[in-house]
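Observations on chain architecture
As a plain string of letters, each chain reads:
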Amino acid sequence: MGDSSSHKEFRLDDAVLGDPVDLMEISGTIKWFDVAKGFGFIVPDNGMEDVLLHVTCLRRDGYQTVMEGTRVVCEIQKRDRGYQAFRVLSMDQSNLPHPSQLPPARTKVQVTPTSGLERAIVKWFNRTKGFGFVSRGEGTEDIFVHMETLRRFGLAELRPGQIVLVRFGPGGKGLMAAEIHPDNDSPFPQSH
C-alpha cells in the first residue's frame, strides 16, 4: 500500500512541475477536431486506442485548428482516462481530401449542393443549439447552417454580420449549407 501512494505523489509532483514522464512518439491521422469543444482525436497508425488532442496542446505548438484527415506526429502520454497528445511534432495536410470527398457529415439531413460558392452574410448562429442561418441578401431564402458543417470546414462559430462563402442545396425544410468558408478577401466590413 505504501508504494502505490508514494507513486501517486510522485506523479502528482511531476504534473505540478510540468515535467512529462513516459512520453511515447506516435504518428497518426486526425479523426475529428472541434474548435468549439476544444478537443478532438487522433487515430494512431500502430493500432492503439484513439489519442485525445486538446486545443491547448495544439495552440502551444503553434497551430490554431486541424482538419479531419491531417497526418500528425506527436508525443503522447498515458493519462487517467487514456492517451493524450503532449506535443505536436509535425503536421502534414498536403494529402487532405477535398471536403466534397469526405464522408457525409453526421447531420440528420444530407444535402447535395446545387449552387456554386456564393457570398452570404451571417444572420445569426447559436453554438449551443448547433445551428444558424446565413442570407444572400434581401428577397432571398435563408440558408440553414448546421454545427457539423462548420466543424467539417474547420470553423468554430459564426458571428452575426460575418461574410462567408457558402455552397448549398435543398434540405428537408428549405435551403441548407453543404460547405462553408470564411470570406477572407471580402471587401465588406466584418463584425468583430
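Residues numbered from 1 in each chain as written. Predicted model: local features only at pLDDT ≥ 70, side-chain atom pairs only at ≥ 80, totals over all residues. Heavy atoms only, no water.

**With respect to the packing of aromatic side chains**
Summed over the entire model, instances satisfying the criterion amount to eight aromatic pairs. With centroids separated by 5.5 Å and ring planes inclined at 65 degrees, the aromatic side chains of Trp-124 and Phe-131 adopt a geometry described as edge-to-face. Looking at Trp-124, the relative accessible area reads 35%, which means it is partly exposed. Between Phe-133 and Phe-144 the ring centres are 5.7 Å apart and the planes differ by 70 degrees, which places this aromatic pair in the edge-to-face class. (Phe/Tyr/Trp six-rings, centres within 6.5 Å; stacked < 30°, edge-to-face > 60°. Buried < 20%, exposed > 50% of the residue type's maximum accessible area, 1.4 Å probe, protein only.)

**Description of the pattern of salt bridges**
A full pass over the atoms with the stated rule returns ten salt bridges. Of the charged contacts, one joins Asp-142 and Lys-123 as a salt bridge, the two residues approaching to 2.9 Å between their closest N and O atoms. Of this pair, Asp-142 sits in the loop between β7 (131-135) and β8 (143-146) while Lys-123 sits in strand β6 (residues 118-126), and the two are 19 residues apart along the sequence. Judged by its relative accessible area of 43%, Lys-123 falls in the partly exposed class. Salt bridges sharing common partners tie together Asp-34, Glu-148 and Arg-151. (Salt bridge = Lys/Arg side-chain N within 4 Å of Asp/Glu carboxyl O. Helix = DSSP H or I, 4+ residues; strand = E, 2+ residues; numbered from the N terminus.)

**Here's the deal with the environment of Leu-58**
Tracing the chain through its elements places Leu-58 in helix α2 (residues 55-60). Along the chain, Leu-58 and Gly-38 lie 20 residues apart, while their C-alpha atoms are 9.7 Å from each other. If we skip the residues at most four places from it in the chain, Leu-58 touches Phe-33, Leu-53, Tyr-63, Gln-64, Thr-65, Val-66, Val-88 and Met-91. (Contact = heavy atoms within 4.5 Å.)

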